[in-house]
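Each chain, letter by letter, is given below.
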Amino acid sequence: MTQEQWGQLRKNLLGTVGKNNYANWIEPIEFSDIKDGVAVFTVPTSFLGNYVSQNFGELILHQLTSAGENVRRLSFQVAANETARPRAAAVADTPRNTSRPAMQDDLLPGAPLDARFTFDTFVVGKPNELAHAAARRVAEGGPVTFNPLFLYGGVGLGKTHLMHAIAHELQARRPDLNVVYLSAEQFMYRFVQALRDRRMMDFKQLFRAVDVLMVDDVQFIAGKDSTQEEFFHTFNALVDGNKQIIISGDRAPGEIKDLEDRIKSRLQCGLVVDLHPTDYELRLGILQSKVEQFRDQYPGLVLTDGVLEFLAHRISTNVRVLEGALTRLFAFASLVGCEITLDMTQDCLADILRASERKITIEEIQRQVAEHYNIRLSDLVGPKRVRSFARPRQVAMYLCKQLTSRSLPEIGRRFGGRDHTTVMHGVRRIEELRVQDGQIAEDIEMLRRTLEA
Ligand code: ADP
Ligand code: MG
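What counts, and at which threshold
Residues numbered from 1 in each chain as written. Chains lettered and ligands numbered in written order. Predicted model: local features only at pLDDT ≥ 70, side-chain atom pairs only at ≥ 80, totals over all residues. Heavy atoms only, no water. UniProt positions renumbered as here; feature names shortened; annotations may be inferred. Near = heavy atom within 4 Å. Polar contact = N/O pair within 3.5 Å; in protein donor to acceptor, adjacent residues only side chain to side chain. Areas by Shrake-Rupley, 256 points an atom, 1.4 Å probe, with all protein chains shown as cover. Nonpolar A, V, L, I, M, F, W, Y, C, P; charged D, E, K, R; others polar. Domains from an automatic or database assignment. Helix = DSSP H or I, 4+ residues; strand = E, 2+ residues; numbered from the N terminus. Pairing = 2+ DSSP bridges. Axes fitted to C-alpha atoms, helices over the stretch in contact; angles between N-to-C directions. Contact = heavy atoms within 4.5 Å.

- As recorded by an unreviewed UniProt entry, the protein carries the name Chromosomal replication initiator protein DnaA and is attributed to Lutimaribacter pacificus.
- UniProt lists a comment for the protein under the heading Subcellular location (unreviewed entry), and it reads "Cytoplasm".
- What the UniProt record of the protein gives under Subunit (unreviewed entry) is the line "Oligomerizes as a right-handed, spiral filament on DNA at oriC."

As C-alpha cells, this is what we get:
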C-alpha cells in the first residue's frame, strides 16, 4: 500500500471516528509498511499506540482488508527517538489470528497509562497525604528503600491514579528504567496466555527484566492458585534483584481473603499505606481543581457560589462518583445554556444524590447508643427492664424510626424480638421526653450528629 492510499483510507476513518478522535488519535499515527500480513505504524508514544490499538484497531484492520490488503494484524511501533523510553506501556498489537505463532511483542507485560493521572492532577488532603508522600518518594527513582510499597483503600480513592502518576514521573526522570504497570487481572491473563502458548520461559524472562513493577488490584488473584504461585515467584525474583515493586489492593494485605499466607507476609514486608475515605475538605479541593480543568472546555459557564460546597457535603467518598457528577453538571449546563445553580444541581443530579445518601443502619444506631450511655449492646437489646437500660433502648428505637426506613415490626425484631406496639410506645415516650427533658434532647441531638457524620 502506498502512502497515498493510506491517506485516502485515513480520510474514510475521519467520517467514522469523528473530528476529535481523528485529530487526537488517527492523525498522529504514521503508516510505515505492510510485511508478512502485519501493517506497521509509527506512533509518537506507546500510550497512543496502545490506545489506538484498543479503540480503533479493529476498524483500521477492517479498512485495510476492505481495501484489498492482505493484513492479519496491526503493529504500532514507537518512533525511533522515543524508543529509549521505558515501556511503561507496551508496544501494542492487535492480533487477528491468535492461532498463528505470536511474535515476541505480544507478551510484553505493560498496560497503557492514563495521561490524566499525574501528580499534578492529584489533590492532596489529610486522607491521602501519606499514600501520596510514599508514592512521591518511590517516583524519585532513587535507591529502593521500602519494598514493596503497598497502597490500599476503597473504590475510587485514587490508587490507580497514584500508580500511573508514579509511572509517568519515572518515565520522565529515569528513562533508563523499564517500568511496567498492569492490573493483577492482566497479569493473570498474560500468564494464562503464556501457559497456553507454551511460552512460560518468555513470560518469566520478560517479567524478570522489569526494573519497577506495579500491579494494581492484587485482590483479583485471591483464590487463583497457579496465578498466585507465579506472582509469588515474580515478586521474589524482583525483590531479590532489588527492583521496586508497587502493589495496590482494596484492603490491607492481611485482610485479603484466599490470598496465600506467604504472599500476605511478603506484601507486608515493605511499606503499607492506606488511602482513607475522602473528607469534606478533600472533596471540595478535588471539585475546585476539576472546575479549573473544565474552564477551558466550557468557557463562560457560570457556577453559582455554594454548589461545590453542596456537592462536597452530599456526595459520597468515591471520587469517581464526584467527578461524574461534576462532568454531568457541566455538560448539561452547556447543552441547555443555563447557569449551574443549586436548584439546577439538585434536579440534574437527583439520582446520584439519592444513591449517595448515607444509609444509617439499626446496628450502627444500637452501637452508638450503647456506647453513649455506657451500657453493653446485649443489655440494650436484651430483656432487662431496669430504667438504666430501658431508657437508652427507647432512645435507640426512636432514632431507628427517625433515621432509617425500617418498619416498627422490623425494629422490634431487631431489639430482641419485641412487639411493634412496644416500639411505638418507646418512640412516643421519647417524643414527649424530648420536650420535657433537656438532657434527653441533648443526647438525641448528639447521637444524631454522630450517626449522620
Ligand atoms: P481507585 O483505583 O482507588 O479505585 P482511581 O485512582 O481510579 O481510584 O480514582 C478514581 C477517579 O478519581 C480517577 O478519575 C482519579 O483521577 C480521581 N481521583 C481520585 N483521587 C483523586 C485526588 N486525590 N485528586 C484528584 N483526582 C482524584
Ligand atoms: Mg483502581
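The structure having been displayed, the exposition proceeds.
### Side note on the site of ligand 1
Item 1. Residues in contact with ligand 1 amount to 17 residues; listed here are only the nearest, Val-123, Gly-156, Thr-160, His-161 and Glu-323.
Item 2. Contact between ligand 1 and Arg-320: an oxygen atom at 2.8 Å from a side-chain N or O atom of the residue.
Item 3. Here ligand 1 has 560 Å² of accessible area as a free molecule, and 92% of this is covered by the chains.
Item 4. Taken together, the residues of the shell around ligand 1 sort by class into seven nonpolar, seven polar and three charged.
Item 5. Both of domain 2 (126-274) and domain 3 (280-355) provide at least three residues apiece to the shell around ligand 1.

### Some thoughts on the UniProt feature "domain: AAA+ ATPase" (unreviewed entry) in the protein
Item 1. Mapped onto the present numbering, the UniProt feature "domain: AAA+ ATPase" (unreviewed entry) falls at residues 145-275.
Item 2. Between the first and last C-alpha atoms of residues 145-275 the distance is 20 Å; the span itself is 46% helix and 20% strand.

### Digging into the sheet that holds strand β8 (residues 244-249)
Item 1. Strand order in this open sheet of five strands is β6-β7-β8-β5-β9, and the pairing throughout is parallel. The sheet is open, and its two edges are formed by β6 (179-183) and β9 (271-275), each paired on a single side. Neighbour-to-neighbour, the strand axes of this sheet turn through a mean angle of 15°, independent of strand direction.
Item 2. Contacts from helix α6 (residues 184-196) reach β6 and β7 (212-216), with the element oriented near 95° to β6.

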